[in-house]
Amino acid sequence: MDFPIKWIGEPHPEHEAFLRQDIIDTLYLEPGDDVRGLIFHTCLLTDDFDGPSIHAFGDPETGGVIAEYTPTTRWVTAKEGG
């Protein structure tokens, strides 16, 4: 299954295959499923929960996802905000 990825900031094509597979596995997607409705997904790139990650959400224009790489993941509660 292939879908377009639009990057916010600097693109990280070296992580695209991993991001696609993580979204497919996490959401149990089948070929032809639409990811444009994805509300939010965090893809951890290492075993370190505070390490690098990619945050992604559906892109209604392309039917793919919009993704943003972050070198350090910051976890906040809804009360804290971002």
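Residues numbered from 1 in each chain as written. Predicted model: local features only at pLDDT ≥ 70, side-chain atom pairs only at ≥ 80, totals over all residues. Heavy atoms only, no water.

**Remarks on the overall build of the protein chain**
Scanning the protein chain from terminus to terminus reveals 1 helix and 4 strands. Reading the protein chain from its N end, one meets helices and strands in the order β-α-β-β-β. Radius of gyration (C-alpha) of the protein chain: 13 Å, near the 12 Å computed for a compact globule of 82 residues. If you line up the protein chain on its principal axes, its C-alpha atoms span 35 × 30 × 25 Å. The contacts of the protein chain with a sequence gap of at least 6 include a subset with a gap of at least 24, amounting to 41%. A total accessible area of about 5,400 Å² is found for the protein chain, and carbon and sulfur atoms account for 55% of it. (Helix = DSSP H or I, 4+ residues; strand = E, 2+ residues; numbered from the N terminus. Rg over C-alpha atoms; globule rule 2.2 N^0.38 Å. Contact = heavy atoms within 4.5 Å. Areas by Shrake-Rupley, 256 points an atom, 1.4 Å probe, with all protein chains shown as cover.)

**Notes on the nonpolar core**
The biggest cluster of nonpolar side chains holds 15 residues, and the ones touching the most others in it are Phe-3, Ile-5, Leu-19, Ile-23, Ile-54, Val-65 and Ala-67. Listed by contribution, the elements that provide at least two residues to this core are β1 (5-7), α1 (16-27), β3 (53-59) and β4 (64-70). Looking at this core element by element, the count peaks at 3 residues for α1. If sequence neighbours within four positions are ignored, Ile-5 has contacts with Glu-16, Leu-19, Arg-20, Val-65 and Ala-67. (Core = buried A, V, L, I, M, F, W, Y, C linked by side-chain atoms within 4.5 Å. Buried < 20%, exposed > 50% of the residue type's maximum accessible area, 1.4 Å probe, protein only.)

**Thoughts on the confidence of the model for the protein chain**
Low pLDDT marks regions whose predicted coordinates should not be analysed in detail. Confidence in the prediction of the protein chain, expressed as mean pLDDT, is 91, and 96% of residues score 70 or more. Taking the mean pLDDT of every element in the protein chain, the minimum, 93, falls on α1 and the maximum, 97, on β1. (pLDDT = per-residue confidence, 0-100.)

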